[in-house]
Amino acid sequence: MESVSLGRGFRFHSNFSNVETSGYVGFANLPNQVHRKSVKKGFEFTLMVVGESGLGKSTLVNSLFLSDLYPERVIPNAVEKQNMTVKLDASTVEIEERGVKLRLTVVDTPGFGDAIDNSDSFSAILEYIDEQYERFLRDESGLNRRNIVDNRIHCCFYFISPFGHGLKPLDIEFMKKLHCKVNIVPVIAKADVLTKKEIQRLKCRILQEIEDNGIKIYPLPDCDSDEDEDYKEQVRQLKEAVPFAVCGSTTLLEVKGRKVRGRLYPWGVVEVENPDHCDFIKLRTMLITHMQDLQEVTQEVHYENYRSERLAKSVRKNTNSVIKEENGGVTGEVLSEKDRILREKEEEIRRMQEKLAQMQAKFQAQK
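Treat the numbers as computed from the prediction; the structure is a model and nothing was measured. Here the residue numbers are simple positions, counted from 1 along each chain's written sequence. Owing to the predicted nature of the model, reporting of local features is limited to residues with pLDDT of at least 70; listing and counting of side-chain atom pairs is limited to 80 or more, with chain, interface and lining totals taken over all residues. As a rule here, side-chain values cover all heavy atoms of the structure and leave hydrogens and water aside.

Glancing now at the UniProt feature "site: Important for dimerization" (unreviewed entry) in the protein chain. UniProt positions are given in the numbering used here, feature names are shortened, and annotations may be inferred rather than shown by experiment. UniProt records the feature "site: Important for dimerization" (unreviewed entry) at Phe-163, using the numbering of this structure. Labels follow the DSSP assignment, with helices taken as runs of H or I lasting at least four residues and strands as runs of E lasting at least two, numbered in each case from the N terminus. By the element assignment, Phe-163 lies in the loop between strand 7 (155-160) and helix 5 (169-178).

Neighbouring strands of a sheet are bound in pairs by backbone hydrogen bonds; such pairs are parallel or else antiparallel. Here, a strand pair is defined by DSSP locating no fewer than two bridges between the strands. Taken in spatial order, the six strands make up an open sheet running 5-6-4-7-8-9, and their pairing is mixed. A strand with exactly one partner marks an edge of an open sheet, and here the two such strands are strand 5 (89-97) and strand 9 (244-245). Alignment of strand 4 (residues 43-50) against strand 7, held across four bridges, turns out to be parallel. Its bridge partner being in strand 7, Val-49 is matched across the sheet by Phe-157. Throughout, a residue-residue contact means that at least one pair of heavy atoms, one from each residue, lies within 4.5 Å. Axis definition: a line fitted to C-alpha atoms, limited for helices to the stretch in contact. Angles are taken between N-to-C directions and run from 0 to 180 degrees. Packing against the sheet, helix 5 makes contact with strand 4, strand 7 and strand 8 (184-188), and its axis sits at approximately 170° to strand 7.

Our next topic: the pairing of strand 11 (residues 258-265). One ladder, built from four bridges, connects strand 10 (residues 252-255) with strand 11; its direction is antiparallel. Looking at the pairing, Glu-254 lines up with Lys-259 of strand 11. Taking the residues between adjacent antiparallel strands as the criterion, strand 10 and strand 11 are bridged by two residues, where Lys-256 takes a positive phi near 55°. As paired strands, strand 11 and strand 12 (residues 268-271) are joined by four bridges and run antiparallel to one another.

Across the sheet, which stays open at both edges, the three strands sit in the order 10-11-12 with antiparallel pairing between neighbours. Lying at the two open borders of the sheet, with one neighbouring strand each, are strand 10 and strand 12. On average, each strand axis in the sheet is tilted by 70° relative to the strand beside it, whichever way the strands run.

A word on the pairing of strand 4. When you tally the buried positions in strand 4, you get six out of eight residues, the bulk of the element. In the sheet, strand 4 pairs with strand 6 (residues 100-108) via seven bridges, with the strands oriented parallel. Across the sheet, Phe-45 pairs through a bridge with Leu-104, a residue of strand 6. Relative accessibility thresholds used throughout: buried, under 20% of the residue-type maximum; exposed, over 50%; partly exposed, between the two (1.4 Å probe, protein chains only).

A word on the packing of helix 7 (residues 229-241) against helix 8 (residues 280-289). Where helix 7 meets helix 8, the closest approach of the two axes is 10 Å, and the angle between their N-to-C directions is 120°. With respect to each other, helix 7 and helix 8 are oriented oblique. In this structure, helix 7 meets helix 8 at a crossing whose hand is left-handed. Judged by residue contacts, Gln-234, Leu-238 and Ala-241 of helix 7 engage Lys-282, Thr-285, Met-286 and Thr-289 from helix 8. Tallied by class, residues from the contact of helix 7 with helix 8 come to three nonpolar, three polar and one charged. Our angle categories are set so that under 35 degrees counts as roughly parallel, over 145 as roughly antiparallel, 65 to 115 as roughly perpendicular, and the remainder as oblique. Should the near helix be turned anticlockwise from the far one by less than a right angle, the crossing is left-handed, and should it be turned clockwise, the crossing is right-handed. Under this grouping Gly is polar, as are all residues other than the nonpolar Ala, Val, Leu, Ile, Met, Phe, Trp, Tyr, Cys and Pro and the charged Asp, Glu, Lys and Arg.

Quick look at the environment of Tyr-231 now. With respect to the element layout, Tyr-231 can be found in helix 7. Those residues within four positions of Tyr-231 in sequence are excluded, and the remaining contacts are Cys-223 and His-290.

Let's shift gears to the pattern of salt bridges. Any two side chains of opposite charge can pair, so long as their charged atoms come close to each other. One side-chain nitrogen of Lys or Arg within 4 Å of one carboxyl oxygen of Asp or Glu is enough to make a salt bridge. Scanning the model with the defined rule gives 16 salt bridges in all. With its nearest N and O atoms 3.8 Å apart, the salt bridge here joins Lys-232 to Glu-229. With Lys-232 and Glu-229 both in helix 7, this residue pair falls three residues apart, about one helical turn. Judged by relative accessible area, which is 26%, Lys-232 ranks as partly exposed. According to the relative accessible area criterion, Glu-229 is exposed, its value standing at 56%. Among the ionic contacts, a cluster of salt bridges with common partners joins Glu-233, Arg-236 and Glu-240.

Where helix 5 is concerned, the buried positions are Leu-170, Asp-171, Ile-172, Phe-174, Met-175 and Leu-178. On the buried face of helix 5, the contacting elements are strand 4, helix 4 (123-140), strand 7 and strand 8.

A pair of aromatic rings is counted whenever rings of Phe, Tyr or Trp (Trp by its six-membered ring) have centres within 6.5 Å, and the orientation is called stacked for planes under 30 degrees apart, edge-to-face for over 60 and tilted otherwise. As enumerated under the stated definition, the model contains five aromatic pairs in all. Members of the aromatic cluster, each reached through a chain of ring pairs, are Tyr-133, Phe-136, Tyr-303 and Tyr-306. Two conditions define a charge located above a ring, namely a distance within 6 Å from the ring centre to NZ of Lys or CZ of Arg, and an angle within 35 degrees of the ring normal. Lying across the ring of Phe-136, Arg-152 places its NZ or CZ 3.7 Å from the centre. The ring of Tyr-303 has Arg-152 sitting right over it, with the charged end atom 4.8 Å from the ring centre.

Structure representation (structure tokens):
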């Protein structure tokens, strides 16, 4: 009788009888299937960088991903900067590493904080973030949902000047407007201008001001109890490093017979990838190891928050329409149908708000 092998410890005969098994079904292979499918499809991630001009945002991003995302950028002079408004510049690059493809989009915000009056600096950024949520909501509600491109902002690096004594009013106002829309990761730029004691003092000051103003920054998730000790220690160090004090460089220098990326000064070389010199490695580790979590928080918290608000507006609009139609003498049958739709939407909003409140409480507890 002909038999067919299904793998380790499992064979069946062509008449589906006399099955021999050693207790192994085969669903333990499911993670490998997900892995193969994900690798074949590729991954996508959108990073926004916000901060004043001259803080090294572009250099840091190029250093993080070992790519030149701004090959044709023209740097404006001082006179041009005075007349600049905030514009958003999205650059997309396909990165492949060991067969894994990443579609990385970096959204820069040239002109932010450069004007004398920066009271309107946030509007263009807020509009852009909402536009991406609206586009995703529209695509998700459409007929062809199989190939939706996710351009929602998954993470925002907010660059803080090292030359102040903490957060500026512009920094506080911006983060308060965005912390409910996007995952904010505070970054102290050009940390090589400060001593270690100055960096630690500035970090404590910034964290205190963030707490005093009720700003919610991205909380690194706590480790599960079954995680290995090395990973727990890594997460602990990453949490202690917030806000990350970094410096970037794409220049290769030779130090003691080895090539390093760094900045050359008369007194020595600042090595970008040396954890004793800055938090560059910790920032990159945080971004790479928590990239999936950043996407999940964007989907489950920020996007659901936007979606519930949009549904609430839609319900209010429909309610007003029903009231107008009632005044105009609409038949009871039409009204009852509209009431049914409104009740269904209100019930959906209530469920979503409860789910959102549970998620926010969970992430707040993780902090």
